[in-house]
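Inside the fold
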Amino acid sequence: MNDEATPTRHASIERTVEWVDTDASGHQHNSAIMRWVESAEAELFRGLDLPEYFPSAPRVQQVVNFKSKLWFGQRVTATVGIQRLGRTSITYGFEVHGHAHAGSEGGIAAFGTVTVAHVPSGSAAAQPWPANIREAVSPHRLDNGGLESAGMGSSLP
C-alpha cells in the first residue's frame, strides 16, 4: 500500500513556546497545551476535508496530565488521534512533546483526552454525527484506543 492509500490516523503540529504561552514562572501556561491540541485537531479535520466539523463540536470533557514543563523558546509537537467515535461524540487522545532545549532532554510534557459532542447550530443538545463525518472519521480511529497504536509513544493508559 502506498502512502496516499494509508489512512491518516493522527495529525501533528509543531510550535515554539512564545512569551504569551508562558506564565509568571517562565514555563507554559496550562491553557497553551489545549491551544496546541486544538491546532492539531484542526489539522486532522483539514486533512479529512471536513470544515463543517468545527462550528458544531463543543468540548464536553478535557483531561490533561502534565508531566514536565515547557519553556519560552522551546519547540513542541502536539499530536492528536481519534480514540473513539460515538453516536454523538468523538474522543481524541493527545500528546504534547517538548524538544530538547537549554539543558532539557525533552519528552512528553502533557497527554490526555478531549471529548467533543456534535451540537449543530440551533440545537440545544447533542445530535448524532452526520453520515459524511462518521464515514470520514471511522477509518481513522486508532486501533487500540491509544496513541501508542499509531506508533506515537506509550505514555497513554
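Described below are features of the structure shown in this document. Note that the structure is predicted; figures quoted are calculated from it, not measured.

Let us now look at the overall build of the protein. Across its full length, the protein holds 2 helices and 5 strands. In the protein, the proportion of contacts linking residues at least 24 apart, taken out of those at least 6 apart, comes to 70%. Of the roughly 8,200 Å² of accessible surface on the protein, 49% is carried by carbon and sulfur atoms.

What follows covers the nonpolar core. The nonpolar side chains of a soluble globular protein tend to be buried with one another. Core analysis: the biggest nonpolar cluster contains 33 residues, and Trp-36, Ile-90, Tyr-92 and Val-96 have the highest contact counts within it. Mapped by element, the contributors of at least two residues to this core are strand S1 (10–16), helix H1 (30–47), strand S3 (75–85), strand S4 (89–98), strand S5 (107–117) and helix H2 (131–137). Take this core: its biggest share by element is 8 residues, from H1. Beyond its immediate sequence surroundings of up to four residues, Val-96 is in contact with Ile-33, Trp-36, Val-37, Leu-70, Val-76, Thr-77, Ala-78, Gly-107, Ile-108, Ala-109 and Ala-110.

This next bit is on the sheet that holds strand S2 (residues 59–66). Pairing is antiparallel across the open sheet formed by 5 strands, whose spatial order is S1-S3-S4-S5-S2. Only two strands of the sheet have a single partner each, and these edge strands are S1 and S2. The sheet shows a mean angle of 20° between the axes of neighbouring strands, taken without regard to direction. H1 rests against S1, S2, S3, S4 and S5 of the sheet, and its axis sits at about 135° to S1.

Counted by the stated rule, this structure contains 6 aromatic pairs. Between Tyr-53 and Phe-54 the ring centres are 4.8 Å apart and the planes differ by 85°, which places this aromatic pair in the edge-to-face class. Overall, the relative accessible area of 35% leaves Phe-54 in the partly exposed class. Ring-pair connections join several aromatic residues into one group, and the members of that group are Phe-45, Tyr-53, Phe-54, Tyr-92 and Trp-129.

Helix length check: H1 (18 residues) gives 27 Å between terminal C-alpha atoms against 26 Å at 1.5 Å per residue, within 8%. Among all positions in H1, only Ala-32, Ile-33, Met-34, Trp-36, Val-37, Ala-40, Glu-41, Ala-42, Leu-44 and Phe-45 are buried. Following H1 by one or two positions, Asp-49 has its phi on the positive side, about 55°.

Cut-offs and rules
- Residues numbered from 1 in each chain as written.
- Predicted model: local features only at pLDDT ≥ 70, side-chain atom pairs only at ≥ 80, totals over all residues.
- Heavy atoms only, no water.
- Helix = DSSP H or I, 4+ residues; strand = E, 2+ residues; numbered from the N terminus.
- Contact = heavy atoms within 4.5 Å.
- Areas by Shrake-Rupley, 256 points an atom, 1.4 Å probe, with all protein chains shown as cover.
- Core = buried A, V, L, I, M, F, W, Y, C linked by side-chain atoms within 4.5 Å.
- Buried < 20%, exposed > 50% of the residue type's maximum accessible area, 1.4 Å probe, protein only.
- Pairing = 2+ DSSP bridges.
- Axes fitted to C-alpha atoms, helices over the stretch in contact; angles between N-to-C directions.
- Phe/Tyr/Trp six-rings, centres within 6.5 Å; stacked < 30°, edge-to-face > 60°.
- Expected span 1.5 Å × (residues − 1).

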